[in-house]
Every structure is written in structure tokens, then in C-alpha cells.
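Topology and contacts: notes
The lines below spell out each chain.
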Amino acid sequence: MINYFNFKKFNNKYLITNDLGRYLFADKKELFSLINNQVDMNSDFGKSAEKNMFCYNGSPRGFAEKVKPYFRDSKNYLFSSTGLHIFVVTKSCNLKCVYCQTQNGNEIPNGFMTEEIAERAVDIALTSPNDNLSFEFQGGEPLANFSVIQHIVEYTELNKRSKNITYNIVTNLTLITQDIVDFIKKYNVGISTSIDGNELVHNMNRRYRNGKGSYSDVKHSIELLKVNGVRFGAIQTTTSNSLPFYKEIIDEYISMGLKSIFIRPLTPLGCANKD
Ligand code: SF4
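Everything numeric here is computed off the predicted structure, so don't read it as measured data.

Sheet architecture is open: 3 strands sit in the order β1-β2-β3, paired in antiparallel fashion. Single-partner strands in this sheet number two, and they are β1 (6-10) and β3 (23-26). Averaged over all pairs of adjacent strands, the angle between strand axes in this sheet comes to 25°, irrespective of strand direction. Judged from the 4 bridges that link them, strand β2 (residues 13-17) and β3 form a sheet pairing that is antiparallel. Within the sheet, the bridge partner assigned to Y14 lies in β3 and is A26.

See the structure below:
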């Protein structure tokens, strides 16, 4: 008997998959033997197909009992609830990066989350049965709407009851001030930023709207974070500008005291699609 499966031609073979997360490569003859429920269970393919639960000997009820724990494992995510909640507090940004996904290059005068919407979003997030939640602030440039981030964190702390909440801001680091640093230290907020490489590469990719590079301001902000002991991490977005400077990019990360590089390829959305 055969179990439900999908297949697709893959080079000269056929990739066969099932709902239990198992897969096999088969030639055309083997695939047809499976489709027609005529697998030779003593052949190598038959043994492999049986082991990976594509077909079985015996009763359907016996097979159902056998696959039950595997099926339960593969669908286990259905019993855990959402842990990561992302608050896009504004779509506005003071930079105009060549690969921006959230903007099309036009200034967006509006698009700031209000305190009322923020409270509603927190209320929804706190309904998650998960005891450990992560709240992440994104934009645009989220620090352009810092007062609402502040409001969200303070409102959450008042209403979280027994939940553990971690906070993280994804920022270009050009608007950070000592007052903001003091706040994020108080609530142990993490910082994720973008460093595309040395000054030349970073400024080719990540400029202000007036065309000025953002490197020196970012570097200054990183020093501020380090002096204040704020935890931060960075990602590196790779563009065609970056490729000749692979060595300088790594040297830059080392000089900033970063222990790892997360290299992100471009996603062809927004400005990245156009540029
Ligand atoms: S920092 Fe750059 S990538 Fe991020 S929102 Fe602003 S323009 Fe877009």
C-alpha cells in the first residue's frame, strides 16, 4: 500500500517527498512502481521507500499507528504560539540605502505608529499563550519614532504580568543619543544594526537622503554603545559594491570588536529591485 506523497523531476531523477518530512530520489521506473502501488518491497528502493514511510505492508491502521509519532513531531509547531512580535513604528527613514526594502525612494511624511495603536498591538501580543516573547522594533528607522518605542516598553512592563519579554531595536544608528542609550540600558534592549563594510563600501550603500555617507555617524554611535555596555549585533548586506572589498569588510568588523559577520544577500524588493 502507498502513503500520500508528492514528486517533482529533479535533474535525471524524481524527488519524492511526504508529509512526514521524508524524501527519496527515484528513477522513472521506481516512481511508476510507487504510483501504481507495485513496489517490489524486497528491492533496495522498496526497502528505502518502506523505511521512509512512502509505502507499507500490512493494514492501514497499523501504518497509521507507526507514523503517528513522526507526524506529531513534524506538526509540533502547531502547539506553540507566536513568540516574535514585530512593531513597525514608522515607515519613515532619514537614509536612502540602495537596497531599501521598505521604501521606494520617496519621502514618506506620515506613517508613524500612534500610542493608541501601539497599546492595541501590545495587548494583542500579550494574548499569546507563550510565556517568553520577543518584541522587535523596526522601520523605516524606528528611532525616528522613539517616543512610541518608549511608550510600548513602559506599557508592556506594566501589563506583562508573569511573561518574560525581550526587546530589540533594528536601527541604522544615526539617531541614537545618550538619553536613548540610558533608556535601552534600563530595559536591557538589544540593538541590531547594519554595517556594510569599511567607510567606502558602507557609504556607497547607506547614504543620507542628501547623499552624505552615514559611516562616521554609525561608527560614533557604536563607540557610544560600547562605552555604555549595550549589547549589539550587525548584519552586512552584500551588493555588487561590496564584492571587491571582502578583506576590508572583515577587517572593519574585527576593528569594531564584532565576533561574527552575518552576510545577507539582497532581496529584490523596494529600491533593491529598482537599483
Ligand atoms: S536604514 Fe536604509 S534600509 Fe533601513 S529603512 Fe532606512 S533607507 Fe531603508
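Bringing the domain arrangement of the protein chain into the picture now. The domain boundaries assigned to the protein chain delineate domain 1 (6-74) and domain 2 (80-274). A straight line from the C-alpha centre of domain 1 to that of domain 2 covers 45 Å.

Following the criterion strictly, the structure yields 10 aromatic pairs and no others. For the ring pair F10 and F25, a centre distance of 5.5 Å and an interplane angle of 55° mean the geometry is tilted. Of this pair, F10 sits in strand β1 while F25 sits in strand β3, placing them 15 residues apart in sequence. Measuring from ring centre to ring centre gives 5.0 Å for F183 and Y187, while their planes differ by 50°; the resulting arrangement is tilted. Here the basic side chain of R22 rests over the ring of Y70, its NZ or CZ set 5.1 Å away from the ring centre.

What counts and how
Residues numbered from 1 in each chain as written. Predicted model: local features only at pLDDT ≥ 70, side-chain atom pairs only at ≥ 80, totals over all residues. Heavy atoms only, no water. Pairing = 2+ DSSP bridges. Helix = DSSP H or I, 4+ residues; strand = E, 2+ residues; numbered from the N terminus. Axes fitted to C-alpha atoms, helices over the stretch in contact; angles between N-to-C directions. Domains from an automatic or database assignment. Phe/Tyr/Trp six-rings, centres within 6.5 Å; stacked < 30°, edge-to-face > 60°. Lys NZ or Arg CZ within 6 Å of the ring centre and 35° of its normal.

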